[in-house]
Structures are given as structure tokens and as C-alpha cells.
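Observations on the model geometry
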Amino acid sequence: MPMLPSFPSRLHARFTGSCPRCRSLFQPANVTVVAEDEEQQLLHLVCQQCRTGLLALVGITVNGLRSVEIVTDLTGADAERFIAAQPVNAEDVLALHTALGRSTFRLR
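Worth saying up front: this structure is predicted, and the values here are computed from it rather than measured.

1. What to know about the overall build of the chain
Across its full length, the chain carries two helices and four strands. Helices and strands in the chain line up, N terminus first, as β-β-β-β-α-α. The proportion of buried residues among the 108 residues of the chain is 27%. For the chain, the share of sequence-separated contacts (at least 6 apart) that also reach a separation of at least 24 residues comes to 40%. Put simply, the chain shows about 8100 Å² of open surface, and 55% of that area lies on carbon and sulfur atoms.

2. Some details on the environment of Pro20
Mapping Pro20 onto the fold places it in the segment before β1 (31-36). Considered as a pair, Pro20 and Glu69 are 49 residues apart in the sequence and their alpha carbons are 9.3 Å apart. Setting aside its immediate chain neighbours within four residues, Pro20 contacts Leu54 and Val71.

3. Considering a negative patch on the surface
A cluster of acidic residues, Glu36, Asp37, Glu38 and Glu39, forms a negative patch at the surface. One can find Glu36 in strand β1.

4. Description of the pairing of strand β2 (residues 40-46)
Taking burial as the measure, the seven residues of β2 include six buried ones, the bulk of the element. Judged from the five bridges that link them, β1 and β2 form a sheet pairing that is antiparallel. The residue of β2 that forms the bridge with Thr32 is His44. Counting the residues between successive antiparallel strands, the hairpin from β1 to β2 contains three residues. Linking two consecutive strands that pair antiparallel, namely β2 and strand β3 (residues 53-61), is a turn of six residues; a positive phi of about 70° is found at Arg51 within it.

5. With respect to unusual backbone geometry
Glycine aside, residues mostly have negative phi angles, and peptide bonds mostly take the trans form. Located in the positive-phi region is Arg23, a residue other than glycine, with phi close to 70°. Looking at the element boundaries, Arg23 is found in the segment before β1. For Arg51, which is not glycine, the phi torsion reads 70° and is therefore positive. Secondary-structure assignment places Arg51 in the loop between β2 and β3. Among the residues examined, Arg51 registers a relative accessible area of 57% and is labelled exposed.

6. Regarding the nonpolar core
Counting residues in each nonpolar core, the largest one holds nine residues, listed as Cys19, Phe26, Val31, Leu43, Leu45, Cys47, Leu54, Ala56 and Val58. Broken down by element, the residue count for this core peaks at three residues, all from β3.

7. Here's the deal with the environment of Val58
Within the element layout of this structure, Val58 appears in strand β3. In this structure Val58 comes out as buried when scored by relative accessible area, which is 4%. When the C-alpha positions of Val58 and Gln40 are compared, they lie 5.5 Å apart, and in sequence the two are 18 residues distant.

Conventions and cut-offs
- Residues numbered from 1 in each chain as written.
- Predicted model: local features only at pLDDT ≥ 70, side-chain atom pairs only at ≥ 80, totals over all residues.
- Heavy atoms only, no water.
- Helix = DSSP H or I, 4+ residues; strand = E, 2+ residues; numbered from the N terminus.
- Buried < 20%, exposed > 50% of the residue type's maximum accessible area, 1.4 Å probe, protein only.
- Contact = heavy atoms within 4.5 Å.
- Areas by Shrake-Rupley, 256 points an atom, 1.4 Å probe, with all protein chains shown as cover.
- Patch = residues over 30% accessible without salt bridge, like charges linked within 9 Å, V, L, I, M, F, W, Y side chains within 5 Å.
- Salt bridge = Lys/Arg side-chain N within 4 Å of Asp/Glu carboxyl O.
- Lys, Arg positive; Asp, Glu negative; His and termini not counted.
- Charge placed at Lys NZ, Arg CZ, Asp CG, Glu CD.
- Pairing = 2+ DSSP bridges.
- Core = buried A, V, L, I, M, F, W, Y, C linked by side-chain atoms within 4.5 Å.

What is shown is where atoms sit, not what they do.
Dropping the structure here:
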């Protein structure tokens, strides 16, 4: 298997993606690194023109850079909080199912 190049720090400063809504280029000042490891970064971007939020997973492959983006209403702080949260487990799902079945629905 070919060796991957190491992930360049501050790649987000060179992210040149465009907004899927208005097609404006994202400005480096509007890019926040939510999480990163040696091969990829999860970025939160906000379009300066139309204020659309975007999460982008940018990484390095043997063929170069790749990215996957999704439009979101999360803020950068929201994204960081979700990354740090515990995963949902079967007990959580069953508790929600039980709560939704009650006539008086109330979350803890």
C-alpha cells in the first residue's frame, strides 16, 4: 500500500471551496477546524456572502486532496460539542421510544 503524505497543518487556510448556495469562495477567516488527525480535518465554514454553514471533511489520499461537504445549520461550537459527545446507544433509543409512547411527552 502506498504511503500517504502527512497532513499539512493549516490546510484549512488554503481551502478554496465555494458555497453551494451562492457560489462565493469561502474566506480563510470564516473557516474553523472542528477536529483533525494526521490524515484529515473536519472544517466548519460560513459563507461571508449568504451566511450558509457547511461542514467539510478534507483529507489526503494517494491521489491528492479529497473533500466531502454538507450544508448545515450548526455553528462551529455546535459541531465541536457533537464531536465530543458520547454516541447514542441502544438504551438511549429505547428510552426515547418509551417517552414518545407516553401521552405526556417530556425529555429529561
